[in-house]
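Each chain is listed here by its residues.
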Amino acid sequence: QKISAALANELVGESVADCARKGYKVVAVVVDLDGVRQALLRGDGAPIHSMDNAYYKAYTIASLGLSRKEETTKQMADRMAKAAPSNVPQTQLPNVTYAQGAIAIMAGGNTIGGLGVSGAPGGQFDEECARAAMAKIKDRMK
C-alpha cells in the first residue's frame, strides 16, 4: 500500500507552506517503505544540506520505525537515549539519522511511508510542520 502521488505532493507542499508561515525555510520529502523518494519540495531559501537531511529523516522513520511501531524519529531517539550502553561497535547505516523531524505516514493503522522535514531552527519545529500537513490529509488516507 502506498500514498497516492497527489497526496504525497500535497504533504510536501503543506509541510513547506506551514513552516514558511512560521518563518522557517525547509525541505520536505515523502518516501515509500522501500525508501524511494515519492515527492520532494525545497522551500524558497531552504539550506542545501536540508535536501539530504529531510530524506534521511523520512527514510529512517519509514525503514526503521516500522519494526518497532515507532511513528517519529523523536520516539526512536528517545528510546535509544534510555538504552544501556553497548560494547558492540556502532556502524553508521547509510542514509539514517535519528534527528527529530520525521513522522510515519499511516493508513489503516499501518505505516506506508515517511515524511521528513528539515531546515527549521530545531527538529521540533520540523516535526510540527509535518504534523500540520498530515492533519490536512488524514481524512483522505485509505
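Residues numbered from 1 in each chain as written. Predicted model: local features only at pLDDT ≥ 70, side-chain atom pairs only at ≥ 80, totals over all residues. Heavy atoms only, no water.

Engineer: Could you clarify how one ought to interpret the pattern of salt bridges in this entry?
Structural biologist: It is possible for side chains bearing opposite charge to pair when their charged atoms get close. For the structure on display, the rule yields 9 salt bridges. The partner of Lys 2 in a salt bridge is Asp 32, and the shortest N-O contact between them spans 3.0 Å. With a gap of 30 residues between them, Lys 2 in the segment before helix H1 (5–21) and Asp 32 in strand E1 (residues 27–32) connect regions that are remote in the sequence. Among the residues examined, Asp 32 registers a relative accessible area of 7% and is labelled buried. Across the pair Asp 78 and Lys 74 runs a salt bridge, and its minimum N-O distance is 2.8 Å. Taken together, the residues Asp 78 and Lys 74, both in helix H3 (residues 73–82) and 4 residues apart, mark about one turn of the helix. A relative accessible area of 34% places Asp 78 in the partly exposed class. For Lys 74, a relative accessible area of 33% puts it in the partly exposed group. One connected set of salt bridges, linked through shared partners, spans Asp 18, Arg 21 and Lys 22. (Salt bridge = Lys/Arg side-chain N within 4 Å of Asp/Glu carboxyl O. Helix = DSSP H or I, 4+ residues; strand = E, 2+ residues; numbered from the N terminus. Buried < 20%, exposed > 50% of the residue type's maximum accessible area, 1.4 Å probe, protein only.)

Engineer: What exactly am I supposed to notice about the packing of aromatic side chains here?
Structural biologist: The description of an aromatic ring pair rests on the distance of the ring centres and on the angle between the ring planes. Within this structure, the stated rule accounts for 3 aromatic pairs. A ring pair is formed by Tyr 55 and Tyr 59, whose centres lie 5.8 Å apart and whose planes are at 35°; its orientation type is tilted. In this pair, Tyr 55 and Tyr 59 both sit in helix H2 (residues 49–68), 4 residues apart, roughly one turn of the helix. Residue class for Tyr 59 comes out partly exposed when judged on its relative accessible area of 22%. (Phe/Tyr/Trp six-rings, centres within 6.5 Å; stacked < 30°, edge-to-face > 60°.)

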